[in-house]
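# Summary of the model geometry
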Amino acid sequence: MFTVLSKFKIKNSGDMTAAVRQAFVDRPHMVDNVAGFVRLDALTPRADPNEIWLLTYWDDEPSFQQWYKTHQYKDSHSKIPTGLKLESSGAELLFFEHITA
């Protein structure tokens, strides 16, 4: 299994943080039927509630890379709250190989 961690920090926090969290609760599930997709977890570390971590699980890296390059990836971000500003230094994309299930 291949896992991607996408981290970002909300610059204009407050109500925007709540709106972003709700957007993930109400997400349109556009990635759910993509070949190779397993699941998505949205997390917030207790140490920084304005930071969001998205963990997506895939059968393999080629499945993720194929989806990432498509319009489906862009379309899946269409429900992001208007006016969201991110900390440029807080964005990170990390790739992981599972050792255990």
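See the structure above.
Presented here is an overview of the structure given in this document. Given the structure is predicted, the values throughout are model-derived calculations rather than measurements.

### So, the overall build of the protein
The helix and strand inventory of the protein stands at three helices and four strands. Listing every helix and strand of the protein by position from the N terminus yields β-α-β-β-α-α-β. Whereas a compact globule of 101 residues would reach a radius of gyration of roughly 13 Å, the protein reaches 14 Å, a difference of no more than 12%. Oriented by its inertia axes, the alpha-carbon framework of the protein measures out at about 35 × 30 × 20 Å. Per-residue burial for the protein yields a buried fraction of 29% across its 101 residues. Residue pairs at least 24 apart in sequence account for 72% of intrachain contacts in the protein once pairs closer than 6 positions are excluded. Roughly 6,700 Å² of accessible area belongs to the protein as shown, and the carbon and sulfur atoms make up 53% of that amount. Seen as two clouds, the 11 positive and the 13 negative side-chain charges of the protein have centres 6 Å apart.

### Looking at the side chain of Ser63
Counting through the fold element by element, Ser63 comes out in helix 2 (residues 61-68). In this structure, Ser63 is in contact with Ala35, Gly36 and Trp58, ignoring residues within four places of it in sequence.

### Focus on helix 1 (residues 15-25)
Here helix 1 has its buried residues at Met16, Thr17 and Val20. The arc that holds the buried residues of helix 1, viewed along the axis, is 105°, so those residues lie on one side. Along helix 1, the residues that are exposed and aim more than 90 degrees away from the buried face are Asp15 and Val25. Each element contacted by the buried residues of helix 1 is listed here: strand 1 (2-9) and strand 3 (51-58).

### Focus: the sheet that holds strand 3
Pairing is antiparallel across the open sheet formed by four strands, whose spatial order is 2-3-1-4. Every other strand in the sheet has two partners, leaving strand 2 (37-43) and strand 4 (92-97) as the edge strands with one partner each. Across this sheet, the average inter-strand angle for adjacent strands is 15°, counted without regard to direction. Most of the contacts of helix 1 go to strand 3, to which it runs at about 20°, and overall it touches strand 1, strand 2 and strand 3.

Rules used in this analysis
Residues numbered from 1 in each chain as written. Predicted model: local features only at pLDDT ≥ 70, side-chain atom pairs only at ≥ 80, totals over all residues. Heavy atoms only, no water. Helix = DSSP H or I, 4+ residues; strand = E, 2+ residues; numbered from the N terminus. Rg over C-alpha atoms; globule rule 2.2 N^0.38 Å. Buried < 20%, exposed > 50% of the residue type's maximum accessible area, 1.4 Å probe, protein only. Contact = heavy atoms within 4.5 Å. Areas by Shrake-Rupley, 256 points an atom, 1.4 Å probe, with all protein chains shown as cover. Lys, Arg positive; Asp, Glu negative; His and termini not counted. Charge placed at Lys NZ, Arg CZ, Asp CG, Glu CD. Arc of directions from axis to C-beta. Pairing = 2+ DSSP bridges. Axes fitted to C-alpha atoms, helices over the stretch in contact; angles between N-to-C directions.

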